[in-house]
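# Per-entry structural report
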Amino acid sequence: MVVRTVLVADLEQASRVCMAAFMGAVADSLTPLGIETFSRIASVEGFRARMAQDNLMLACEQEGRIVGIAELKEGRHVAMLFVDPAAQQRGIGKALMAAMIEQARVEVLTVSASLSSVPAYERYGFACTADPAESSGLRYQPMEMRLTAPV
């Protein structure tokens, strides 16, 4: 298993991994608007646009195939963390999270977790910080993790 930066050539695979994981674990709990919103975010074009911003995009590769995707926005916010459903429970999410923590530029890392992923984020060390919310049809739980001791 290798965690590396996402390349433009990876975007088709990255989009497929995200959509497969999303459709299997999140989509059933959302309205059509939420599914449409996420489909735009996880599209090749969506990834390409965010690559031009201050977003670190990571891929976990196994045997030449991308099996996990993570995105750290501005060194402060976990914007995406998805693992291919066929490769889950093998430490891929944990490896991607560790790589994002290494690259974080803040004392407190945040995430807007899909409701079904809250237990996983709690295992990573995140805690809920507010009531669940919704934006553009996407339902999420605000969470954060303190990376360093308070100054």
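Going by the structure above, here's the rest.
Anyway, here's the lowdown on the structure attached to this text.

Thresholds applied
Numbers given for residues are sequential positions, taken from 1 along each chain in its written order. Note on the predicted model: pLDDT of at least 70 is required for a residue's local features to be given, and 80 or more for side-chain atom pairs to be given and counted; whole-chain, interface and lining totals, by contrast, use all residues. Values shown for side chains rest on all heavy atoms present in the structure; no hydrogens or waters enter the calculation. The helix count covers DSSP runs of H or I at least four residues long, the strand count covers runs of E at least two residues long, and both are numbered beginning at the N terminus. Buried residues are those whose accessible area, probed at 1.4 Å on protein chains only, stays under 20% of the maximum for their type, while exposed residues exceed 50% and partly exposed ones sit between those limits. Any two residues whose heavy atoms approach within 4.5 Å are treated as being in contact. Between N or O atoms, a polar contact is any pair within 3.5 Å; within protein, one atom must be a potential hydrogen donor and the other a potential acceptor, and residues adjacent in sequence are included only when both atoms are from side chains. For this document, the term salt bridge refers to a Lys or Arg side-chain nitrogen within 4 Å of an Asp or Glu carboxyl oxygen.

Here we take up the environment of glutamate 71. With respect to the helices, strands and loops of the structure, glutamate 71 is situated in strand S3 (residues 65-73). According to the relative accessible area criterion, glutamate 71 is buried, its value standing at 1%. For glutamate 71 and asparagine 55, which are 16 residues apart along the polypeptide, the C-alpha to C-alpha distance reads 6.5 Å. Here glutamate 71 is in contact with Phe47, Arg50, Asn55, Leu56, Met57, His77, Val78, Ala79, Met80 and Met100, once residues within four sequence places are set aside. In this structure the side chain of glutamate 71 is engaged in a polar contact, spanning 2.6 Å, whose partner is the side chain of asparagine 55.

Take the pattern of salt bridges next. Within this structure, the stated rule accounts for 8 salt bridges. Glutamate 36 is paired through a salt bridge with arginine 40; the nearest N and O atoms lie 3.1 Å apart. Of the two residues, glutamate 36 and arginine 40 are both situated in helix H2 (residues 32-41); the distance of 4 residues between them amounts to about one turn of the helix. For glutamate 36, a relative accessible area of 46% translates into the label partly exposed. Among the residues examined, arginine 40 registers a relative accessible area of 48% and is labelled partly exposed. Here aspartate 84 and arginine 65 are joined by a salt bridge, their closest N and O atoms 2.9 Å apart. Within this pair, whereas aspartate 84 is found in the loop between strand S4 (77-83) and helix H4 (92-103), its partner arginine 65 is found in strand S3, the two being separated by 19 residues in sequence. A residue is classified by how much of its surface remains accessible, and aspartate 84, at 14% relative accessible area, is buried. Residue classification places arginine 65 among the partly exposed positions, given a relative accessible area of 40%. By sharing partners, the salt bridges in this structure join Arg4, Asp10 and Glu61 into a single network.

As a further point, take the environment of arginine 48. Summarising the element assignment, arginine 48 is placed in helix H3 (residues 44-51). Take arginine 48: its relative accessible area is 43%, and that puts it in the partly exposed class. Note: C-alpha distance between arginine 48 and valine 8 (40 residues apart in sequence) is 7.3 Å. Among all residues touching arginine 48, those that are not within four sequence positions of it are Val8 and Leu11.

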